[in-house]
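Close look at the chain arrangement
The chain contents come next:
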Amino acid sequence: MKTKFFNSLFWKLSAAFAVILILLSGIFVYVAVFSAEMYFQETRQKLDTDIAEHIAQENQCFINGEVNTEILKNVFHDVMVINPSIEVYLLDTGGKILSYYAPDKTVKVTHVPLEPIEEFINAGEEKFLMGLDPKNPQNKKVFSAAGVIEDGKLRGYIYVILGSEEYDNASQLLFGSYILRLGLRSISISLAAALLLSFIIVGFATGKLRKITSVIRNFKNGDLSTRINIKSKSELGEFADSFNDMADTIVQNIDEIKKIDYLRRELIANVSHDLRTPISIIHGYLETVLIKSDSLSDEEKTKYIETTLSNTKRLQSLVEELFELSKLEAEQSQPNMETFSIAELIQDIQQKNLLELKSKNINLIIDFPQNLKMIKADIAMMEKVFQNLLDNSIKFTSAGGEIIIKLLNNDKTVLVKFSDTGSGIEKDDLPFIFERYQKSKRVVSNQKGTGLGLAIVKKILELHGINISVESEKEKGTTFYFEIPYV
Ligand SMILES: Nc1ncnc2c1ncn2[C@@H]1O[C@H](COP(=O)(O)OP(=O)(O)OP(=O)(O)O)[C@@H](O)[C@H]1O
Ligand SMILES: [Mg+2]
């Protein structure tokens, strides 16, 4: 649990925020203190820039090239008594310290580098310059400097450190005790506030993430109804919406697969039943013919063989239709769209079925206008549709009945009205006739159908994007309607 917490996004983001904030505060404090210190030094140099010049001009530092020790001691002493923050040195032209006032004798070097001094004298107030502090050689200090001239000759320099060792310490103390402490206090307060705020923000964002993760985990564990409840237009909201959509799709697909699986099982059960019946009939008759071959009359033999043959035909058509339907359902066969006249196709079908129509004494009327539009569809598939519908109408219409196929130019389609004066379909059966194996339970007289004909019709029309509907009245007849688009 502990390692989990330290691995969590909340902890990582918070730590990153904290480090950045502390780093920024540190840099800020350093820059602030450093620039305050520098500003202070620069101001000192500007204010006291002429101090060395004054000392050099007011006093006779050299007499005939020799250092005027007596006067200098007094002058240096007086200056430092008045302003204890400065230290005065007399240098020769090579930078060597000739004289100074230092009661504790702590001067640690004999020479002072001359470059900054010369630069100071040449540049004047313009530049911020620092020079060596003889009492504290590792530290650089602001200074004032001036050349000492005797008899028109440069004899040396007056070099004034502005901010003696004691003063330096005192100034540090001042910074430490006041400005820095004040600054540190306000920075600490704002740092604490910023950290608190960042923890809250990070906590809020990662809280949503935790919520999302837990929902996804529940979904993974089988709770398919769970959804992420985040209503926001942010990336997280978008993520939640996408997950919810994905979950809906998955659930929908699962339902679909379950339905298909159920249908498949039902199909297998029905197919085995439908195959078993003709096979056992064939088997029985063949066995009888074989065993009782001697005792059977020729007439009986012929009858038995004919029955066997008709059952083989039934078996064959069943297998063919099953194969056809499963191909259509697997969407392996796609319609091969061609332009043709639907009226001509129906006339062809009529020719093929003339014998059967005649033997059942059924009149087939094809009614269409002269200017009937051409349609675009798969010819072979459309032939199958009309053949199946015609099979049914012939099967369920008694002698003397009529089958009327009416074709009409509609807005963008040819409207097909396929009606017969047959037995009609029970109201309760109507919604199911397009499902496979759905045979009207009440039509007992006819056991020949496989119950696949209309399922095939519907599937073919579906592949063409066409809907089929049906109207039927018991003992009056049945009408199928559908519309085939123009070219
Ligand atoms: N024109 C019709 N008149 C009366 N009933 C019909 C008509 N067309 C279909 N039916 C009913 O709908 C059922 C399903 O028809 P479908 O064509 O799918 O199967 P089938 O004709 O029984 O078998 P198959 O066509 O596979 O040989 C039929 O069994 C019948 O009860
Ligand atoms: Mg049929």
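Residues numbered from 1 in each chain as written. Chains lettered and ligands numbered in written order. Predicted model: local features only at pLDDT ≥ 70, side-chain atom pairs only at ≥ 80, totals over all residues. Heavy atoms only, no water.

**Describing the packing of helix α11 (residues 379–396) against helix α12 (residues 453–463)**
Each pair of packed helices can be summarised by the angle the axes make with each other and by the distance between the axes. This is how it is decided: Between the N-to-C directions of two axes lies an angle of 0 to 180 degrees, each axis being a line fitted to C-alpha atoms and, for a helix, fitted only over the stretch in contact. Think of it this way: any DSSP run of H or I at least four residues long counts as a helix, any run of E at least two long counts as a strand, and we number them from the N terminus. Roughly parallel means an angle under 35 degrees; roughly antiparallel means over 145; roughly perpendicular covers 65 to 115; every other angle is labelled oblique. For a crossing to be left-handed, the near helix must be turned anticlockwise from the far one by less than a right angle; the clockwise case is right-handed. Contact between two residues is taken to exist if any of their heavy atoms lie within 4.5 Å; hydrogens are not considered.
As a packed pair, α11 and α12 sit with axes 9 Å apart at the nearest point and diverge in direction by 150°. In terms of orientation, α11 lies roughly antiparallel with respect to α12. As α11 runs across α12, the sense of the crossing is left-handed. From α11, Met381, Met382, Lys384, Val385, Asn388, Leu389 and Asn392 reach across to α12, where they touch Gly453, Leu454, Ile456, Val457, Ile460, Leu461 and Leu463.

**Some points on the nonpolar core**
Selection criterion: Nonpolar cores are built from buried Ala, Val, Leu, Ile, Met, Phe, Trp, Tyr and Cys residues. Side-chain atoms within 4.5 Å join them into one set. The rule is simple: take the accessible area with a 1.4 Å probe, protein chains only, and divide by the maximum for that residue type; under 20% is buried, over 50% is exposed, in between is partly exposed.
With 51 residues, the main nonpolar core has Ile342, Met382, Phe386, Leu407, Phe480, Phe482 and Ile484 as its most contacted residues. Discounting chain neighbours no more than four positions away, the residues touching Ile484 are Ile342, Ile375, Ala377, Met382, Thr413, Val414, Val416 and Ile466.

**Re the sheet that holds strand β13 (residues 468–473)**
Threshold: Between any two strands, pairing holds if DSSP finds at least two bridges.
Taken in spatial order, the five strands of this open sheet run β9-β11-β12-β14-β13, and their pairing is mixed. For this open sheet the edge positions go to β9 (363–367) and β13, each flanked by a neighbour on one side alone. Strand-to-strand twist of the sheet, defined as the mean angle between neighbouring strand axes without regard to direction, takes the value 15°.

**Remarks on the sheet that holds strand β6 (residues 140–150)**
Taken together, the five strands give an open sheet; going across it, the order is β4-β3-β7-β6-β5, and neighbouring strands pair in antiparallel fashion. Taken across any chain shown, the strands that pair with only one partner, and hence form the sheet edges, are β4 (97–100) and β5 (130–132). On average, each strand axis in the sheet is tilted by 40° relative to the strand beside it, whichever way the strands run. The pairing of β6 with strand β7 (residues 153–162) spans eight bridges and is antiparallel. When the bridges of β7 are listed, Ile149 appears paired with Leu154. Along the sheet face, helix α4 (residues 69–82) touches β3 (86–92) and β4 and points at about 155° away from the line of β3. Seen against the sheet, helix α5 (residues 115–123) touches β3, β5, β6 and β7 and runs at an angle of roughly 70° to β6.

**A look at the domain arrangement of the chain**
To keep things clear, this is the line we draw: These domain boundaries are the output of an automatic or database domain assignment.
Annotation of the chain at the domain level lists domain 1 (48–163), domain 2 (235–327) and domain 3 (336–485). Put simply, the middle of domain 1 and the middle of domain 2, counted by C-alpha atoms, are 118 Å apart.

**Let's talk about the pairing of β13**
Residues Ile468, Val470 and Ser472 line the buried face of β13, whereas the alternating positions Ser469, Glu471 and Glu473 sit on a face that is not buried. Across six bridges, β13 lies against strand β14 (residues 477–485) in antiparallel orientation. Its bridge partner being in β14, Ile468 is matched across the sheet by Phe482. Counting the residues between successive antiparallel strands, the hairpin from β13 to β14 contains three residues, one of them, Glu475, with a positive phi of roughly 65°.

**As for the environment of Ser469**
Relative to the helices and strands, Ser469 is located in strand β13. Classification of Ser469 as partly exposed rests on a relative accessible area of 37%. In sequence terms Ser469 and Tyr481 are twelve residues apart; their C-alpha atoms lie 5.2 Å from each other. Apart from residues no more than four positions distant in its own chain, Ser469 is found in contact with Thr479, Phe480 and Tyr481.

**Remarks on the pattern of salt bridges**
The condition that has to hold: Salt bridge, as applied in this entry: a Lys or Arg side-chain nitrogen positioned within 4 Å of an Asp or Glu carboxyl oxygen.
If you walk through the whole model with that rule in mind, you get eleven salt bridges. Residue Lys46 is joined to Glu42 by a salt bridge in which the shortest nitrogen-to-oxygen separation is 3.3 Å. Of this pair, Lys46 and Glu42 are both found in helix α2 (residues 9–47), four residues apart, which corresponds to roughly one turn of the helix. Residue Glu42 is classed as partly exposed on the basis of its relative accessible area of 30%.

**Focus: a negative patch on the surface**
Condition: Patches in this entry comprise residues that are over 30% relatively accessible and not in a salt bridge; like charges within 9 Å are linked, as are nonpolar side chains (Val, Leu, Ile, Met, Phe, Trp, Tyr) within 5 Å. Note on areas: these come from Shrake-Rupley sampling with a 1.4 Å probe, and a residue is covered only by the protein chains present in the view. Counting rule for charge: Lys and Arg are taken as positive, Asp and Glu as negative, and neither His nor the chain ends is counted. Each charge is placed at NZ for Lys, CZ for Arg, CG for Asp and CD for Glu.
Residues Glu235, Glu238, Asp241 and Asp245 make up a contiguous surface patch of negative charge. Within the fold, Glu238 resides in helix α7 (residues 235–291).

**Quick word on the packing of helix α8 (residues 298–329) against α12**
The criterion, for reference: Under the scheme applied here, ten amino acids are nonpolar (Ala, Val, Leu, Ile, Met, Phe, Trp, Tyr, Cys and Pro), four are charged (Asp, Glu, Lys and Arg), and all others, including Gly, are polar.
Following both chains from N to C, one finds α8 and α12 inclined at 30°, their axes separated by 10 Å at the closest point. On the basis of their axis angle, the class for α8 and α12 is roughly parallel. You can see that α8 and α12 cross each other, and the crossing is left-handed. Residues Glu321, Glu324, Leu325, Leu328 and Glu329 of α8 touch α12, and the partners they reach there are Gly453, Ala455, Ile456, Lys459, Ile460 and Leu463. Looking at the contact of α8 with α12, its residues break down into six nonpolar, one polar and four charged.

**Quick notes on the side chain of Gln350**
Relative to the elements of secondary structure, Gln350 occurs in helix α9 (residues 342–352). Once residues lying within four places of it in the same chain are set aside, the contact partners of Gln350 are Leu357, Leu364 and Ile366.

**Considering a nonpolar patch on the surface**
A cluster of nonpolar side chains, namely Leu23, Ile27, Tyr30, Val31 and Phe34, defines an oily patch on the protein surface of about 540 Å² accessible area. Mapping Ile27 onto the fold places it in helix α2.

**Some thoughts on the environment of Gly65**
For Gly65, the location among the structural elements is in the loop between β1 (62–63) and β2 (66–67). Separated by 91 residues in sequence, Gly65 and Gly156 place their C-alpha atoms 9.6 Å apart.

**As for the packing of aromatic side chains**
Rules: Here is the rule: rings of Phe, Tyr and Trp (six-membered ring for Trp) pair when centre to centre is within 6.5 Å. Planes less than 30 degrees apart are stacked, more than 60 are edge-to-face, and the remainder are tilted. Charge-over-ring contacts are defined here by two conditions on Lys NZ or Arg CZ: a distance within 6 Å of the ring centre and an angle within 35 degrees of the ring normal.
Enumeration over the complete set of coordinates arrives at nine aromatic pairs. An angle of 35° between the planes, with centres 6.2 Å apart, marks the rings of Phe386 and Phe418 as tilted. Residue Phe386 is located in helix α11, and its partner Phe418 is located in strand β12 (residues 413–420); the two are separated by 32 residues in the primary sequence. A residue is classified by how much of its surface remains accessible, and Phe386, at 2% relative accessible area, is buried. Between the aromatic rings of Phe434 and Phe480, the centroid separation amounts to 6.1 Å while the plane-to-plane angle is 80°, which identifies the pairing as edge-to-face. Residue Phe434 is found in the loop between β12 and α12, and its partner Phe480 is found in strand β14; the two are separated by 46 residues along the sequence. With respect to class, Phe434 is no different from Phe480; both count as buried. Here the aromatic cluster, defined as three or more aromatic residues joined through ring pairs, consists of Tyr89, Tyr100, Phe120, Phe143 and Tyr159. Seen from the ring of Phe434, Lys458 lies directly overhead, with NZ or CZ sitting 5.8 Å from the centre.

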